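Structural characterization, general
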Amino acid sequence: MSTFLRDLSLPAVAAGFLAVLISYAGPLAIVFQAGASAGVAQDMMTSWVWAISIGAAVSGIILSCWLKAPIVTAWSAPGAALLVPIFPGITVGEAVAGYLVAAAVTLVIGLSGSFDRLMHLIPRGVAAGMMAGILLQFGTNAFVAMETAPVLASGMVLTYLICRRLCPRYTLILLLLAGIMLTVTLQDTSFSNVDWSLTTPQLITPEWSLTTTLSLALPLVLVNLSGQFLPGMAILHSAGFRVSARPILSVTSLAALPMALFGGINIVVAAITAAICTGEEAHENPQRRYVAGVFNGIFYLLGGLFAGTIVGLFTSLPAAFITVLAGLALLGAIGGNLTTALEAPGEREAALLSFVVTASGLSLFGLSSAFWGVVLGILTHLVLTAAPASKRVRSLKRVPVSNDPEI
């Protein structure tokens, strides 16, 4: 505890809060869409939010303290998107059974260490190109928001520039405060209708059906690995945190199992919001950035306990505020990944292809653009760096042959 208190810093706390804020204001909307497709009542919807928040809180706090790295966890946004067209074709109980199977399969993959071996096969430049492609849309959307809220967006951009010049360490904190003041002043945002009350989760009985369970569980595992764990681990590695995927997949899967019984979709390592907690904005000393992961979990814990209240609070904020805040907060991560992608001449073309494909939003066979960006990036890297067959033959001919009988 004394070490944690020594490492505690206001920028790390702010980074953890911003990551939660952006998650609730952005990816949570997909969960609401899935709930609307399933036709669940508000109490059940609140239970879903409680489950994904508590699961992310527990796994994030444990992993950040254990690995001394800013491990930001969250619910599976690609998985939630997968549910929208499936409901109401299946029941909520059948969905819960699918969550349980998917978490169990991911746990086996994590314990086997096979995902770590996959990560070692990805060139550093290709991984960085993929991450830059994922984050790019958030940076561009910050300025697209000027079309709908020009004064608010311009004021936040100006605040960001001034803070980066005068007090770069506290830029995100001051940007958040200034943005809230601008929304209250310019957008007439009011929090008077927010009702503070503790959440009561609702237990859901799984309904087992082999066909339904597999038709949901297997695609869920695939989109979680390709759309969340792959870019999430790439974010950590590109920021210098060379942590193993084994404990991360294992702990998040263990946290997901009990939360599934309350409607919580699988818990995964975060990708987009993780970039806020792994960069210099969280702390100039990388060894003290794990505090951002811990506080990310603490704020998720509060969000889970007051799920209905927190959701109401965050949905009161205008969409332009969240969009601009996310885009500006991720500028450093975008720049850092682009720098890494382009720094090695031998990997530059493969990294650029990975960046372009990922940024395109391509989706084939239910697999995200991040997956295809990595696949085509690795393929390009292999094609461009492999020695031609004729060169390999000439190299073999130059190897001296010894007449020594002992050889």
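Residues numbered from 1 in each chain as written. Predicted model: local features only at pLDDT ≥ 70, side-chain atom pairs only at ≥ 80, totals over all residues. Heavy atoms only, no water.

A look at the overall build of the protein
The helix and strand inventory of the protein stands at 20 helices and two strands. For a compact globule of 407 residues, the expected C-alpha radius of gyration is about 22 Å, and the protein comes in at 23 Å, within 12% of that figure. Its C-alpha atoms give the protein principal-axis dimensions of about 90 × 60 × 45 Å. Going through the 407 residues of the protein one by one, you find that 52% of them count as buried. Long-range contacts, defined here as pairs at least 24 residues apart, represent 84% of the contacts in the protein between residues at least 6 apart. Element-wise, carbon and sulfur atoms account for 66% of the exposed surface of the protein, whose accessible area totals about 18,100 Å². (Helix = DSSP H or I, 4+ residues; strand = E, 2+ residues; numbered from the N terminus. Rg over C-alpha atoms; globule rule 2.2 N^0.38 Å. Buried < 20%, exposed > 50% of the residue type's maximum accessible area, 1.4 Å probe, protein only. Contact = heavy atoms within 4.5 Å. Areas by Shrake-Rupley, 256 points an atom, 1.4 Å probe, with all protein chains shown as cover.)

Topic: the state of the cysteines
In protein chemistry, a disulfide is the covalent bond that joins the sulfur atoms of two cysteines. Counted under the stated rule, the structure contains zero disulfides. Cysteine Cys-277 shares no disulfide, and the gap to the nearest cysteine sulfur, in Cys-65, comes to 14 Å. (Disulfide = S-S within 2.5 Å.)

Here we look at the nonpolar core
Counting 113 residues, the largest nonpolar core has Trp-48, Phe-115, Leu-135, Ile-248 and Phe-321 as the members making the most contacts within it. Broken down by element, this core gets its largest block of residues, 12 residues, from helix α11 (residues 210-238). The residues contacting Trp-48, other than those within four sequence positions of it, are Val-31, Ala-34, Gly-35, Ala-38, Val-40, Phe-87, Val-92, Ile-204, Phe-262, Gly-263 and Gly-264. (Core = buried A, V, L, I, M, F, W, Y, C linked by side-chain atoms within 4.5 Å.)

Quick look at the confidence of the model for the protein
Per-chain confidence: the protein averages 83 in pLDDT, with 91% of residues scoring 70 or above. When pLDDT is averaged over each element of the protein, helix α12 (residues 245-260) comes out on top at 95 and helix α20 (residues 389-397) at the bottom at 51. In the model, residues 401-407 has pLDDT below 50 throughout and makes one contact with residues more than four positions away in sequence or in other chains. (pLDDT = per-residue confidence, 0-100.)

Points about the environment of Asp-116
Looking at the element boundaries, Asp-116 is found in helix α7 (residues 114-120). What makes Asp-116 buried here is its relative accessible area of 15%. Separated by 130 residues in sequence, Asp-116 and Arg-246 have C-alpha atoms that sit 6.8 Å apart. If we skip the residues at most four places from it in the chain, Asp-116 touches Ser-244, Ala-245 and Arg-246.

Description of the pattern of salt bridges
Summed over the entire model, instances satisfying the criterion amount to two salt bridges. Between Asp-7 and Arg-6 there is a salt bridge, with its nearest N and O atoms 3.4 Å apart. Via salt bridges that share partners, Arg-6, Asp-7 and Arg-288 belong to a single interconnected network. (Salt bridge = Lys/Arg side-chain N within 4 Å of Asp/Glu carboxyl O.)

Points about the packing of helix α8 (residues 124-144) against α11
Interhelical geometry of α8 versus α11 gives an angle of 115° and a closest axis separation of 9 Å. Here α8 is positioned roughly perpendicular relative to α11, judged by the angle of their axes. Judged by the twist between their axes, the crossing of α8 over α11 is left-handed. Between α8, through Arg-124, Ala-127, Met-130, Met-131, Ile-134 and Leu-135, and α11, the contact on the second element is made entirely by Leu-230, Pro-231, Ala-234, Ile-235 and Ser-238. Per-class residue counts for the contact of α8 with α11 are nine nonpolar, one polar and one charged. (Axes fitted to C-alpha atoms, helices over the stretch in contact; angles between N-to-C directions. Parallel < 35°, antiparallel > 145°, perpendicular 65-115°, else oblique. Left-handed = near helix turned anticlockwise from the far one by under 90°. Nonpolar A, V, L, I, M, F, W, Y, C, P; charged D, E, K, R; others polar.)

What to know about helix α5 (residues 77-86)
Looking at α5, one finds that the buried residues are Ala-77, Gly-79, Ala-80 and Leu-83. Down the axis of α5, the smallest arc covering the buried residues is 155°, so these residues share one side. (Arc of directions from axis to C-beta.)

Brief notes about the packing of helix α10 (residues 171-186) against helix α16 (residues 319-329)
With their axes 11 Å apart at the nearest point, α10 and α16 run at an angle of 165° to one another. Regarding the angle of α10 to α16, the classification is roughly antiparallel. Both α10 and α16 take part in a crossing whose hand is right-handed. Within the contact between the two elements, α10 uses Leu-172, Leu-175, Leu-176, Gly-179, Ile-180 and Thr-183 and α16 uses Phe-321, Leu-325, Leu-328 and Ala-329. For the contact of α10 with α16, a count of residues per class yields eight nonpolar, two polar and no charged.

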